[in-house]
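Survey of secondary and tertiary structure
Chain by chain, the residues:
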Amino acid sequence: MVSCRTGPGTGGAAGFETPSYEALVHGHNSRVDRIGEVYARGVIELWWTDDDGRHHEQGEADLWVAPPRRTALNIAKLGRRLMWIGSDDDTAWFFDFRQDATTLYIAAGGELAATSAVPFDPTLLLDLGGLTRLPASGGNVRYDDDRVAWVVTARDHPRLFLDRETLLPVRSELLDEEGRILLYSAMKLSRYERIEITGASPLAGPRFPTLVDIVSTDGRIKVRLSVRGPTGGDVAPRYFDLRWLTDRFKPVTESRPG
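Some remarks on the pairing of strand E14 (residues 211–216)
Of all six residues making up E14, six are buried, and the element is well covered by its neighbours. Neither face of E14 is open: one carries Leu-211, Asp-213 and Val-215, the other Val-212, Ile-214 and Ser-216, and all of them are buried. With five bridges joining them, E14 and strand E15 (residues 221–232) adopt antiparallel strand pairing. Residue pairing in the sheet places Ile-214 in a bridge with Val-223 of E15.

Some thoughts on the packing of aromatic side chains
The relative placement of two aromatic rings is captured by the distance of their centres and the angle of their planes. In total, this model carries eleven aromatic pairs according to the counting rule given. Arranged with centres 5.6 Å apart and planes meeting at 20°, the rings of Trp-64 and Trp-84 form a pair that is stacked. You can see Trp-64 sitting in strand E2 (residues 53–66) and its partner Trp-84 sitting in strand E4 (residues 80–87), a full 20 residues away along the chain. The same class applies to Trp-64 and to Trp-84, which are both buried. Linked through ring pairs, Tyr-39, Trp-64, Trp-84, Phe-95, Phe-97, Tyr-239, Trp-244 and Phe-249 together constitute an aromatic cluster. Here the basic side chain of Arg-147 rests over the ring of Phe-161, its NZ or CZ set 5.3 Å away from the ring centre. One Lys or Arg, Lys-222, reaches over the ring of Trp-47 and ends 4.9 Å from the middle of that ring.

Topic: the side chain of Ser-216
By the element assignment, Ser-216 lies in strand E14. By relative accessible area, Ser-216 is classed as buried at 6%. For Ser-216, the side chain forms a polar contact with the side chain of Asp-218, separated by 2.8 Å. A distance of 3.1 Å separates the side chain of Ser-216 from the backbone nitrogen of Arg-220, its partner in a polar contact. Excluding residues within four positions of it along the chain, Ser-216 makes contact with Leu-182, Leu-183 and Ile-221.

What counts and what doesn't
- Residues numbered from 1 in each chain as written.
- Predicted model: local features only at pLDDT ≥ 70, side-chain atom pairs only at ≥ 80, totals over all residues.
- Heavy atoms only, no water.
- Buried < 20%, exposed > 50% of the residue type's maximum accessible area, 1.4 Å probe, protein only.
- Helix = DSSP H or I, 4+ residues; strand = E, 2+ residues; numbered from the N terminus.
- Pairing = 2+ DSSP bridges.
- Phe/Tyr/Trp six-rings, centres within 6.5 Å; stacked < 30°, edge-to-face > 60°.
- Lys NZ or Arg CZ within 6 Å of the ring centre and 35° of its normal.
- Polar contact = N/O pair within 3.5 Å; in protein donor to acceptor, adjacent residues only side chain to side chain.
- Contact = heavy atoms within 4.5 Å.

Structure representation (structure tokens):
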């Protein structure tokens, strides 16, 4: 436990001393470093707004992640693939199968959502799911009474709310240059599960959020992802390979922002 009970007037939460930024981040980064590659299956709901209005999709979800930046999200309904959204270390992409012809959208990481037809950038699942490392030093800490959490802030990184007792992320916020919230997420402590690792004790795996809600403050994006039974180990590298995916899905058209 990073925080410890102290006498009144020592700062931080009532009756608790504020832990150092370095101590909180060390614990967080240690968990993230142990996550490695993960697969989980569940359901997803998406709401987004583009030039054609408001949209909603939901379906079964297969999720593969390999921090720091690789993601793959397969969305299907009644056995029909609707979307494949993913990323590698530098680029994000969106294959749209909902029309007669498959369309591919490509963008540099963090810019995919700038294309109005794209529901969201998949790297948000890492940034706002508490699955990315923070700088080892140089940030600050404050206490949030409403969420009973330490708020950890580092320049050019999402602001992370760590539950005071478990030190697991319960909220994350992506800020603009002036400190205003662009997007935020919520993770439920009761929905964290340990990643099942072959050959390891059931209690050995790091904890992984299995329910994540992501919302943009302008109302254009909302994502609700619920998965179960996260497992670690071998994840096919081709799921993070745009060339392989393009050869497999054979999009008819391709679009890039700008």
